[in-house]
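Now for the letters of each chain:
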Amino acid sequence: MRAIRGARLFDGISTTGNNPIVYVEGGTVVGVAHGDPPPDVLDLGDVTLLPGLVDAHTHLVFDAGADPVGRLRSVDDDELLRGAHEAATRALHAGITTVRDLGDRGYVALRLRAAFAAEPHTGPHVLAAGPPLTSPGGHCWWLGGEVSGVTGIRAAVAEHAASGVDVIKVLATGGEITPGTRPYLPQFSPAELAAAADEAHRHGLPAAAHAHSAGAIAAAADAGFDTVEHGSFLTADGAAADAAVIEKLAASGTVVSATLGYLPGQPVNPRTAALSATLTAIFQEQRRAGVRMIVTSDAGIDPSKPHDVLPYAAEMFLLFGDPPEAALRAVTADAAAACGLGATKGRVAAGYDADLLAVAGDPTTDITALRDVRAVFRAGRRVR
């Protein structure tokens, strides 16, 4: 049994002080205690211990370079796998011990998942969606997930399930990085979205909808999608909250995965930068209405979103009027629950996986402490 002590512990729900000790056996937390430590305790000093962070929206096959799509289309799947391994390692060293990859090519993320499962200390726990479902010529069509019609969508979901994916990703609207598509325009009918979510659930899989427009967000909530990715309420000329749709989101319990966070000093998508204040107000309105929300990164899509950017995303959550502990929950316990891992990830408690992060200082009073990583443990083994 191993004992790890810090000055404070955020257990995924709340914070305690008085030098808590986390006891780990194998890859599992077996208890948390206070008092006199055993002689072989690993005392990390003035740190806060937390659950390893959970990034529920990332893209490991995108390299966060100046042209991630061009690079992806120029290399084979083996090279994509090598790049994805590097991206996942970068995330792990930042304390991100679980990643949900929401779009690859050729099921590359499944290969990475298998490699890390064999040696958990070498990488984060990977949840993989495989190629996201998109309309013919639609957003991210070059990942190989083009499909149309209710029958075609059900068949595609079944094929993904047979391949062993952890989640079904559907691109309900267009996106910024695919010429010819628009993030405010729908790509599937409500009937097609309903078929996708129903078929995913029939196979025991959660369903995630990339949805920027009010109409697509509403259709995804009506269809029973578990998460709405982005949830930005974009329009042809900007962005505008829709109170009725926000009320629907809150009533349905659908989780909005807010893809926040940008690395300072890197160029941000001009449209996003111009809408920053408006998008903040829209997310504030969602929070006031009681919409469930987690913090994610969309890492990999451009240089402002490297695969270790999630701590910056947590900082942006505070703009919505929430305290630091809520932001921490949004990248630990709440994010794990949204991914279907609420019983094993996102908490520091007996029976949970021993994926731990230690940061200098106290992130419940200064959220930027998440960037000052002092130790990372994956499945009970120290990796940083």
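Everything numeric in this text was worked out from a predicted model, so none of it was measured.

Scanning the protein chain from terminus to terminus reveals 12 helices and 20 strands. Against the compact-globule benchmark of 21 Å for 384 residues, the protein chain has a radius of gyration of 20 Å, which places it among compact chains. Expressed as lengths along the three principal axes of its C-alpha atoms, the size of the protein chain is roughly 65 × 45 × 40 Å. Evaluated residue by residue, the protein chain yields a buried proportion of 57% over its 384 residues. At a minimum sequence separation of 6, the contacts of the protein chain that also span at least 24 residues come to 71%. For the protein chain, the accessible area works out to roughly 13800 Å², and carbon and sulfur atoms hold 51% of it. With 30 positive and 43 negative side-chain charges, the protein chain shows a spacing of 2 Å between the two charge centroids.

Let us look at the sheet that holds strand β6 (residues 42-43). Taken in spatial order, the four strands line up as β5-β4-β1-β6 in an open sheet, and their pairing is mixed. Only two strands of the sheet have a single neighbouring strand rather than two, namely β5 (28-33) and β6. Where strand β4 (residues 21-25) meets β5, five bridges bridge the pair, whose relative direction is antiparallel. Paired with V22 across the two strands is V32, which belongs to β5.

Here H210 lies in strand β12 (residues 207-211). Under the relative-accessibility criterion, H210 is labelled buried at 4%. Only 2.9 Å separates the side chain of H210 from the backbone oxygen of G174, close enough to count as a polar contact.

Attention now moves to the confidence of the model for the protein chain. Counting all residues, the mean pLDDT for the protein chain is 97, and 100% of those residues have values of 70 or more. Per-residue pLDDT, averaged within each element of the protein chain, yields its smallest value for helix α8 (residues 270-274) (84) and its largest for strand β11 (residues 168-171) (99).

The next point concerns the packing of aromatic side chains. Applying the stated rule across the entire model yields three aromatic pairs. Where F62 meets W142, the ring centres are 6.1 Å apart and the plane angle is 50 degrees; that geometry is what we call tilted. With a gap of 80 residues between them, F62 in the loop between β8 (53-58) and α1 (68-74) and W142 in the loop between β10 (125-128) and α4 (150-163) connect regions that are remote in the sequence. Classification of F62 as buried rests on a relative accessible area of 1%. The exposure class assigned to W142 is buried, which follows from its relative accessible area of 9%. On the basis of an interplanar angle of 40 degrees and a centroid distance of 5.2 Å, the ring pair of F283 and F320 is categorised as tilted. One end of the pair, F283, is in helix α9 (residues 276-288); the other, F320, is in the loop between α10 (310-317) and α11 (324-330), with 37 residues separating them in the sequence. As far as burial versus exposure is concerned, F283 and F320 are alike and both buried. Taken together, F283, F317 and F320 form an aromatic cluster joined through their ring pairs.

When you line up the elements, I177 lands in the loop between β11 and α5 (190-202). The exposure class assigned to I177 is partly exposed, which follows from its relative accessible area of 27%.

Turning our attention to the pairing of strand β16 (residues 255-259). In terms of burial, β16 is largely enclosed, as five of its five residues are buried. With burial as the criterion, each face of β16 is covered, one bearing V255, S257 and T259 and the other bearing V256 and A258. Pairing between strand β13 (residues 227-230) and β16: three bridges, direction parallel. Residue T227 lies in a different strand from β16, and its bridge partner there is V255. Judged from the five bridges that link them, β16 and strand β17 (residues 292-296) form a sheet pairing that is parallel. Looking at β17, one finds that V256 is bridged to M293.

Before going further, it helps to examine the pattern of salt bridges. Applying the stated criterion across every chain yields a total of 21 salt bridges. Here R347 ties to D11 by a salt bridge, and the two come within 3.9 Å at their closest N and O atoms. Of this pair, R347 sits in the loop between α12 (333-338) and β18 (356-360) while D11 sits in the loop between β2 (8-10) and β3 (15-16), and the two are 336 residues apart along the sequence. Overall, R347 belongs to the partly exposed group, its relative accessible area being 21%. Notably, a salt bridge pairs R202 with E199, separated by 2.7 Å at the nearest N-O pair. One end of the pair is R202 and the other is E199, both in helix α5 and three residues apart, which spans about a single turn.

So, about α4. The end-to-end C-alpha distance of α4 is 20 Å, a good match for the 20 Å that 14 residues give at a rise of 1.5 Å each. Of all the positions in α4, only I153, A156, V157 and H160 are classed as buried. Within α4, the buried residues cover an arc of 100 degrees as seen down the axis, which keeps them to one side. Those residues of α4 that are exposed and angled more than 90 degrees off the buried face are T151 and A162.

To continue, consider the environment of L263. In this fold, L263 is placed in the loop between β16 and α8. Between the C-alpha atom of L263 and that of L310, which follows or precedes it by 47 residues, the distance is 9.5 Å. With residues near it in sequence (within four places) discarded, L263 still touches S304, P306, V309 and Y312.

Reading the values: rules and limits
Residues numbered from 1 in each chain as written. Predicted model: local features only at pLDDT ≥ 70, side-chain atom pairs only at ≥ 80, totals over all residues. Heavy atoms only, no water. Helix = DSSP H or I, 4+ residues; strand = E, 2+ residues; numbered from the N terminus. Rg over C-alpha atoms; globule rule 2.2 N^0.38 Å. Buried < 20%, exposed > 50% of the residue type's maximum accessible area, 1.4 Å probe, protein only. Contact = heavy atoms within 4.5 Å. Areas by Shrake-Rupley, 256 points an atom, 1.4 Å probe, with all protein chains shown as cover. Lys, Arg positive; Asp, Glu negative; His and termini not counted. Charge placed at Lys NZ, Arg CZ, Asp CG, Glu CD. Pairing = 2+ DSSP bridges. Polar contact = N/O pair within 3.5 Å; in protein donor to acceptor, adjacent residues only side chain to side chain. pLDDT = per-residue confidence, 0-100. Phe/Tyr/Trp six-rings, centres within 6.5 Å; stacked < 30°, edge-to-face > 60°. Salt bridge = Lys/Arg side-chain N within 4 Å of Asp/Glu carboxyl O. Expected span 1.5 Å × (residues − 1). Arc of directions from axis to C-beta.

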